[in-house]
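Listed here are the chains, written in short residue letters.
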Amino acid sequence: MCSRGAARDLVMFDCGCLALRPCGRPPGSCARMSVRTQAILGGCDGIAQARRSARGHVPEDVRNVMVKALSQTPCLNGCILPASAVRVLNTLESAGLEAWVVGGWVRDALRGTSGHDVDICCSGTWQENEHVLAEAGIAVVESGIKFGGITAVMDGERIEVTTYRLDGFYSDGRHPESVRFTRDVTEDLARRDFTVNAMAWHPVRGLLDLYGGEEDLERGVIRAVGEPRRRFEEDALRMLRAVRFACRLNFSIEPATAQALAECAPLLDAVARERVGVELTGILATGRAGDALMRSPEVMCAAIPELAACRGFDQHSPYHAYDVYEHTARVLAAASSFARNESSQGEQTDAVVPSLTLMWAALLHDVGKPATYTQDAQGRGHFYGHPEVSATMARHIMKRLAISSDIAQPACSLIRWHDHPMRNTRADLLHGMHLFAGEALGARRLTDELFDLKRADTLGKDPSCFSYVDEIEAMRAHAHALFDEGAAYSTKTLALTGRDLIAAGVEPGPRVGELLDRALNACMNGVVANSTADLLAYLELA
């Protein structure tokens, strides 16, 4: 058996992480910890040290080693722990408490990225944690003390520090009725949602992975911690989080977890609609919402019940190879791919966030089709007026989900006009640009997104329609040229103002606006040039 002294020695691993020297006992010989964890902890004696520490007690000699190690530059898988987090961790452990980095930062670092905020869990009560940090001159905000949480603020960075806890019964399917604080980090990890989020890491003690989260990261799997139904019955919002993580990481959902998602989907009814809206926006922002619709239809239809009518709704049209629901999923996938393929370097990248306006429009652009369906004598389906109905429904849906009006208003405009016929002529394009003249996001951006939606809509239809994409791109290029030349498509871009009309003898009042609209229409239709003199002459005011 190795000596405890050997287990306390520190070594520098290839990635630059400081950790306890392995004791030589074969990895895998100690239960409930990953091979990597055992190697870092130093075999059986290292694990014994960790278990004593996991009860919140850190022996003084071990604490001194840890504090010394933390004075270095700790990193996990090449990702450096921010200096502010190191100081918070060091401060807590210098006071005899135990602390670990948990959650998203650990998950992302193991994937080779480090963009996530740092969360720390600690054996101390929130009062103890606050006192220790305040004594060290670190600002503290009592952000979630009901659940043992405070926020340390350093150099503009916010680090969540939460006491180890066990959750009580979830009567509302969202929040525990009570929490019980504990000194054992393993109990805290057991209450977490998914294995990839249930890992803890310390620069000295290494990775604590009791549920195979690292292996699931390597396999690309989202798996619930413990029994999936119990996790979702505790907090129904976890179902949308599972979908979001699967989309964001491009992972699959483990079969038992996926089955529980389908079975528990109705529980989402108990979740506040604004929380559902936040998660749906997060799913759309990943650029893989089309996958979410196809892989987790029960959850997505529980989040937006209006989508349920679209599932299996046969369009009975030679232009459509898919039902309304699958068509929507394919439109989302196509629209999302544009953002990844049109990064600033021209290289495909998943880091580019697609326009949320476009994503919401793609998700809801045909939601009104089932309500507008008719069938002619030949058995062909028609959806007369579906853009208007879809826009109205989308407005109600997004209001219910508390989606920002900055997103909802332009998204509804895109939905309203997504099926508007356009030809590649100057007059048609100027009238198309005019549709968005009053939008806060600007006519140029929304005209571009209208073409994006039209292109995606086309690619979600029968392959016989795909040739229309070339025409859409030709119209886009022509519209860009019209914007660049300063062509008139709104009264603001017209070379004639109300003051010009009044100076020409028009009485102030409604007639001024009527004349400006008349002049604009004539200009867009190519009847008159966009110059003040020509426009006044056209209005017979020169």
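Only a predicted model underlies this, so the values are computations on that prediction, with no experimental measurement involved.

(A) Spotlight on the overall build of the protein chain. The secondary structure content of the protein chain amounts to 26 helices and 17 strands. Across the 542 residues of the protein chain, 52% fall into the buried class. In the protein chain, 65% of the contacts between residues at least 6 apart in sequence involve partners at least 24 apart. Just so you have it, the protein chain exposes about 23500 Å², and 50% of that area is on carbon and sulfur atoms.

(B) Here's a closer look at helix H25 (residues 510-524). The end-to-end C-alpha separation of H25 is 21 Å, in line with the 21 Å expected for 15 residues at 1.5 Å each. Tucked inside the fold, the buried residues of H25 contact helix H21 (426-434), helix H24 (498-503) and helix H26 (532-538). Of the residues one or two after H25, Gly526 is the one with positive phi, at around 80°.

(C) Inspection of unusual backbone geometry at higher detail. The backbone phi angle of His316 is positive, close to 50°, even though this residue is not glycine. Counting through the fold element by element, His316 comes out in the loop between helix H15 (297-303) and helix H16 (324-341). In the Ramachandran plot, Glu540 falls in the positive-phi region, its phi being about 60° despite a non-glycine side chain. Secondary-structure assignment places Glu540 in the segment after H26. A relative accessible area of 72% places Glu540 in the exposed class.

(D) Expanded view of the pairing of strand S9 (residues 157-163). Inspection of the sheet shows strand S6 (residues 119-122) paired to S9 by four bridges, in the parallel sense. Of the residues in S9, the one forming a bridge with Cys122 is Thr163. As paired elements, strand S8 (residues 149-154) and S9 share six bridges and run antiparallel to each other. Opposite Gly149, over in S9, you have Thr162 as the bridge partner.

(E) Representation of the pairing of S6 within the structure. Both strand S5 (residues 99-102) and S6 contribute to a ladder of four bridges, which runs antiparallel. Opposite Ala99, over in S6, you have Cys122 as the bridge partner.

(F) How the structure looks around helix H11 (residues 237-249). Over its 13 residues, H11 extends 18 Å from the first C-alpha to the last, a length consistent with the 18 Å expected when each residue adds 1.5 Å. With eleven of 13 residues buried, H11 lies mostly within the body of the structure. A positive backbone phi angle near 60° is found at Asn250, which sits one or two residues after H11.

(G) Quick look at the packing of H11 against helix H13 (residues 273-285). Two elements in contact, H11 and H13, have axes separated by 9 Å at closest approach and are oriented at 10°. Between H11 and H13, the interaxial angle falls into the category roughly parallel. Residue-level contacts link Leu237, Leu240, Arg241, Val243, Arg244 and Cys247 of H11 to Arg275, Val276, Glu279, Leu280, Gly282 and Ile283 of H13. Looking at the contact of H11 with H13, its residues break down into seven nonpolar, one polar and four charged.

(H) Spotlight on the confidence of the model for the protein chain. Residues with a pLDDT of 70 or more make up 82% of the protein chain, whose mean pLDDT is 86. Counted against residues more than four places away or in other chains, residues 1-54, with its pLDDT under 50, gives 110 contacts. Scored below 50 in pLDDT, residues 343-350 makes nine contacts in the model with residues more than four places away or belonging to other chains.

(I) Region of the structure containing the packing of helix H17 (residues 356-364) against helix H22 (residues 443-459). Viewed as axis vectors pointing N to C, H17 and H22 meet at an angle of 40°, and their least axial separation amounts to 10 Å. Considering how the two elements wind past one another, H17 and H22 form a crossing that is right-handed. Of the residues in H22, those touching H17 at Thr357, Leu358, Ala361 and Ala362 are Arg445, Leu446, Glu449, Asp452 and Leu453. By residue class, the composition of the contact of H17 with H22 is five nonpolar, one polar and three charged.

(J) Region of the structure containing the pattern of salt bridges. Tallying each qualifying case throughout the model produces 28 salt bridges. Two residues, Asp108 and Arg248, come together in a salt bridge whose shortest N-O distance is 2.9 Å. Placement of Asp108 in helix H6 (residues 104-110) and of Arg248 in helix H11 is noted, with a sequence separation of 140 residues between them. The class for Asp108 is buried, based on a relative accessible area of 1%. Arg444 is the salt-bridge partner of Asp484, the closest N and O atoms lying 2.9 Å from each other.

(K) Here's a closer look at the side chain of Glu449. Looking at the element boundaries, Glu449 is found in helix H22. Separated by 2.8 Å, the side chains of Glu449 and Ser355 make a polar contact. Those residues in contact with Glu449 that sit more than four places away from it in its chain are Ser355, Thr357, Leu358 and Leu414.

(L) Spatial organisation of the environment of Phe251. Within the secondary structure, Phe251 is located in the loop between H11 and strand S15 (252-253). With relative accessibility at 6%, the residue Phe251 sits in the buried group. As for Phe251 and Glu218, which are separated by 33 residues in sequence, their C-alpha atoms are 10.0 Å apart.

Cut-offs and rules
- Residues numbered from 1 in each chain as written.
- Predicted model: local features only at pLDDT ≥ 70, side-chain atom pairs only at ≥ 80, totals over all residues.
- Heavy atoms only, no water.
- Helix = DSSP H or I, 4+ residues; strand = E, 2+ residues; numbered from the N terminus.
- Buried < 20%, exposed > 50% of the residue type's maximum accessible area, 1.4 Å probe, protein only.
- Contact = heavy atoms within 4.5 Å.
- Areas by Shrake-Rupley, 256 points an atom, 1.4 Å probe, with all protein chains shown as cover.
- Expected span 1.5 Å × (residues − 1).
- Pairing = 2+ DSSP bridges.
- Axes fitted to C-alpha atoms, helices over the stretch in contact; angles between N-to-C directions.
- Parallel < 35°, antiparallel > 145°, perpendicular 65-115°, else oblique.
- Nonpolar A, V, L, I, M, F, W, Y, C, P; charged D, E, K, R; others polar.
- pLDDT = per-residue confidence, 0-100.
- Left-handed = near helix turned anticlockwise from the far one by under 90°.
- Salt bridge = Lys/Arg side-chain N within 4 Å of Asp/Glu carboxyl O.
- Polar contact = N/O pair within 3.5 Å; in protein donor to acceptor, adjacent residues only side chain to side chain.

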